[in-house]
Amino acid sequence: MKAIYNFRKTHISIIVVILLAAIAGCERDDFQKLPERNWQLVWSDDFEGPAGQLPDPTKWTFDIGTGQDGWGNLELQSYTNNPENVSLDGDGNLVITAIQSGNTFTSGRIKTQGLFSQQYGRFEARLKTPYGPGLWPAFWLLGDNIETVGWPQCGEIDIMELRGQEPHIIHGSIHGPGYSGGNPVSKSYTLTNDRFDADYNIFAIEWDADKIDFFVNDFLYQRIENTDTPGEWVFDQPFFILLNVAVGGNYVGFPTAQTPFPQKMIVDYVRVYTEAD
Amino acid sequence: MKTNIFNRFTQLLATGLILVFFLSCERDITDLELATSSTNPEVFIDGFSAGLNYAAFGGSVPTAFDVDNKVTWNNSAASMRFEVPDDGDPRGSFAGGVFYTDVGRDLSGYNALTFWAKASQSAVIGEIGFGNDLEQNKYVVSIQGLNVSTGWKKYIIPIPDPSKLTSERGLFWYAAGNMDGKGFTFWIDEVKYEKLGTIAHPKFAILNGEDQVETSFIGVSKVIGGLTSTFNMPTGINQAINIAPAYFEFESSDTSIATVDENGRIMVTGGPGDAEITAHVGEVAADGSLTIQSVGAFESAPVPTHAPENVISIFSDHYEDVPVDYYNGYWEPWQTTVSADFEVNGDRILHYLDFNFVGIQFANPTVDATSMTHLHVNIYLPNTLNANAQFQVELVDFGADVAGAVSTTITVNESQQWLSLNLPLNSFSGLTSRANLAQIIFVDVDGNIPSFYADNIYFYDEGDSPPPPDDAPTEPAPTPTHTPENVISIFSDHYDNVPVDYYNGFWEPWQTTNSALFDIDGDNILYYFDFNFVGIEFANPTVDATSMTHLHVHIYLPKPLSANAQFQVELVDFGADVAGALATTISVGQTQQWISLNLPLDNFPGLTSRANLAQIIFVDVDGNIPSFYADNIYFYKN
């Protein structure tokens, strides 16, 4: 009961904050009263390096190909480790490019699996999304034990997903046993008179044993507590990071003739923090 | 444009009173500033916004537009209703008009025109946008083919560069035709300018985004085309919009070579040298570029010298052209040739690119060239040739439904200069009639000619005194010194010539040689060009040269020789059916002067009889002699 009460309180305070922001026209995060945290950077990639270089192999590895059933979602793209799909741009960014060639698509999906994972903390990325119907960019986490227990038992935290036909809306979700696929615990965040592909935005979660908080530009728009999931809470183990741009699939639908290609997700940085005592 | 202005004064009066009421509360004498344009974003919310007028386009139904108080968006007080007429409506063929103000508005703080729309059926509004001010339409923008359904939906037309619209009078315009002959009704409401963060990624292009390179000359003027623009809409899809050239800022990388004005008109001002023409809209660079490779001063085609009364002109600034249907028929599906005609110092030039073949048609009316003797065409091949090319000209007669073709060899060293083709009409084999000529077709026989310029396309009657080519000798050939009684003359003004069947047999299929007859100071000379070989025949009757000892020929080679040339003369006897050939070396130093050949008849090997001589054939043995002039062709005895 206490948890529910707390949730409602948070919810109401957010509404008040939004109203205040709308009236005052100031930065919304100025008004959020969040407890001070002492975040210490433990892992990061600023994607410095010459243009065309693949991402740092000590930090990232590739998913290649079309997976099973389009990575489980009937996605259309084939992932490559070709620099035209995944490479640094020379200006301190990672660029994942979805390319159309006739009726086929190539793109990129990189991950820290086997190289880095962490339980709890703050995971954030500053990035600009691609756009257009059928584009499906994501910044997300998977449980390290996926190889042994499988999905969705391993758990999935989607820090940012976007449907290209709605370039002003992102979604934050978690998937686990009994709440996966089309039925995650999820909430969206909508920009007013702006788009996520028009400029860089910071997407983050702050995760501890009790809850996962979802942020856009340090504005808290969703808190999922460990009692909020309809099934088992599987988020007490290390997770690794993924960045990808999918094309098509049952989440986003197919690209249309009017979808502009190529499409790029431009990532300024990915940073992972742990909370110092 | 005819306009039909609606007076909305009464509606405005009510709105104006309300506005005054509100504004008067805020009026403060200390805030008075210099008058600036209104930034009012509203065009039509529940009525005409301040200062708005309507004018219907000429040819449209003048009453197509009205204010509707029943069908409105979001149950507002009024909307705009447009009735598109059926086919055959006597009042007009379409619905279309302009909503404008007399005083311009400052729209620079907005980035889109938005409105809600629906229609009585799924329909397409032909064109809709803003910037049409019934005058210059300088900043006109539109979406073509706007799909409207039966439910209200919001539409967005982006402003390419809002900073341009500091005093815009054309706030909204539309033009809509019916669907398959049937009219329909559409409604538009809440028309206003907005600053939207939900449209993004503007893209602009010149030349449809292509990087093109073009050879050009001082004085060439052309307008950059292929201006396109797309914006990404809130649904993530790209929307193409038509935008006026004035939104583009054009730039030349070297204005001493080429300049470009605000309308995208390029003037080539210098050279030799290169200038790259690019553009941007606001701060966004446009895709596409045009690199002008100026070769400097334009070399005009030679000025034609035929008297106008002897000419039927198809394309020339020196004569009056007959009516021409087109200079490029874009004949599908095989033609690749496109036109990029240009003007140099007022002289129009036809420019054919991606050349395979192209037709010019003048069928209304057709041309009676019965009294004409030649077709004249100036061509210029701007690209260097990899090999000799065959440039074919075909003539088509619509009356007799016949056609004929003549092919001309363009040698590799003849590119990048004007060539004058003077094609005898009787050499177009198969063209049995020229009373109803209707088409001239140019064909690249071997695929060696990617592009060419053409000028001075006309039929002419050679008449008595055709003009000599530029490289013709200025002096007549030396006067022969043989006494007439010792001479049998084939071609000379100094002797009586025997009957000659022709001075050029146009022997197919291998002969390329063309010919013409000129006079220099009253002395006729033969001109052979595109020379490989050519035959003169005098078979009616044949010539008995048994008593003769030599053949005399004056020749003049106008073009420099790259190496010594072999000029061969053959004699053919029809009686004994024998022939003999004798080659003469012309050294490189012997060009541009009259050379006197005196060929002993006994030296022609194989010519065992000369009792029935009937042909003299000239042959370019090594391919070194593109053209020559000839005179005083005769047999003589010492």
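Keep in mind that this is a model prediction, so the values were computed, not measured.

A. Seen up close, the overall build of chain B. For chain B, the count of helices and strands is 1 helix and 44 strands. The proportion of buried residues among the 638 residues of chain B is 38%. Sequence separation of 24 or more characterises 74% of the internal contacts of chain B that already satisfy a separation of 6 or more.

B. Main features of the nonpolar core. In terms of nonpolar packing, the biggest core is built from 123 residues, with B:F82, B:F99, B:F186, B:I277, B:I379 and B:F452 touching the most fellow members. Looking at this core, the element that brings in the most residues is strand β34 (residues 452–460) of chain B, giving 7 residues. Discounting chain neighbours no more than four positions away, the residues touching B:F99 are B:V43, B:L52, B:Y54, B:L171, B:F172 and B:W173. Core analysis: the next-biggest nonpolar cluster, separate from the first, contains 57 residues, A:A98, A:L162, A:F203 and A:L242 among them.

C. Structural detail: the interface of chain B and chain A. With 10 residues of chain B at the contact, the number on the chain A side is 16 residues. Broken down by class, the residue content of the side of chain B that touches chain A amounts to 4 nonpolar, 6 polar and no charged.

D. The pairing of strand β29 (residues 374–380) of chain B, seen in detail. Residue and element names in this part refer to chain B. Burial analysis of β29 places 7 of its 7 residues in the buried class, which makes it a mostly covered element. Burial of the side chains of β29 extends over both faces: H374, H376, N378 and Y380 are buried on one face and L375, V377 and I379 on the other. Judged from the 7 bridges that link them, β29 and strand β32 (residues 418–424) form a sheet pairing that is antiparallel. The partner of I379 across the bridge, within β32, is L419.

E. Seen up close, the environment of B:A614. All names here are of chain B. Mapped onto the fold, A614 is located in strand β43 (residues 613–620). Along the primary structure A614 and P541 are separated by 73 residues, whereas in three dimensions their C-alpha atoms are 8.0 Å apart. With residues up to four places along the chain from it excluded, the contact list for A614 reads E537, F538, A539, T542, V572, D573 and F574.

F. Expanded view of the sheet that holds β43(B). All names here are of chain B. An order of β38-β43-β40-β41 is seen for the 4 strands of this open sheet, with the pairing classed as antiparallel. The sheet terminates laterally at β38 (533–537) and β41 (578–586), the two strands that pair on one side only. Strand-to-strand, the axes of this sheet are offset by a mean angle of 15°, without reference to chain direction. As paired elements, strand β40 (residues 565–573) and β43 share 7 bridges and run antiparallel to each other. Among the inter-strand pairings, D573 is bridged to a residue of β43, identified as L613.

G. Inspection of the confidence of the model for chain A at higher detail. Scored by pLDDT, chain A comes out at a mean of 89, with 88% of its residues at no less than 70. Counting contacts from residues 1–30 of chain A, a segment whose pLDDT is below 50, to residues more than four positions away or on other chains yields 16 contacts.

H. Examining the sheet that holds strand β16 (residues 239–247) of chain A more closely. Residues and elements named next belong to chain A. Pairing is antiparallel in the open sheet, where 7 strands are placed in the order β2-β7-β16-β9-β10-β11-β12. Either end of the sheet is taken by a strand with one partner, and the two such strands are β2 (61–62) and β12 (185–190). As judged from the 6 bridges shared by strand β11 (residues 169–175) and β12, these two strands associate in the antiparallel manner. Opposite H171, over in β12, you have S188 as the bridge partner.

I. Highlighting the environment of B:I536. Residue and element names in this part refer to chain B. Residue position: I536 is located in strand β38. The buried category is assigned to I536, around which 21 C-beta atoms lie within 10 Å. Each C-alpha atom, one on I536 and one on I490, is 8.9 Å from the other, the two residues being 46 residues apart in sequence. Beyond its immediate stretch of four places on either side in the chain, I536 contacts I490, V500, Y502, Y503, Q615 and I616.

J. Representation of the pairing of strand β20 (residues 265–268) of chain B. All names here are of chain B. Burial of β20 is one-sided: the residues I266 and V268 facing one way are buried, the residues R265 and M267 facing the other way are not. For strand β15 (residues 220–223) and β20, the ladder comprises 3 bridges, and the chain directions are antiparallel. Note on β20: the bridge partner recorded for S221 is M267. Sheet analysis places strand β19 (residues 258–260) next to β20, joined by 3 bridges and oriented antiparallel. Paired with V260 across the bridge in β20 is I266.

K. Representation of unusual backbone geometry in the model. Residues and elements named next belong to chain A. Omega for the bond connecting W151 with P152 falls within 30 degrees of zero, at 15°, which places this linkage in the cis form. Mapped onto the fold, P152 is located in the loop between α3 (146–149) and β10 (156–162). Residue P262 is reached from F261 by a cis peptide bond, and omega for that bond is -5°. One can find P262 in the loop between β16 and β17 (263–275). For L74, which is not glycine, the phi torsion reads 60° and is therefore positive.

Thresholds applied
Residues numbered from 1 in each chain as written. Chains lettered and ligands numbered in written order. Predicted model: local features only at pLDDT ≥ 70, side-chain atom pairs only at ≥ 80, totals over all residues. Helix = DSSP H or I, 4+ residues; strand = E, 2+ residues; numbered from the N terminus. Buried ≥ 20, exposed ≤ 12 C-beta atoms within 10 Å, placed from the backbone. Contact = placed C-beta atoms within 7 Å. Core = buried A, V, L, I, M, F, W, Y, C linked by C-beta atoms within 7 Å. Nonpolar A, V, L, I, M, F, W, Y, C, P; charged D, E, K, R; others polar. Pairing = 2+ DSSP bridges. Axes fitted to C-alpha atoms, helices over the stretch in contact; angles between N-to-C directions. pLDDT = per-residue confidence, 0-100.

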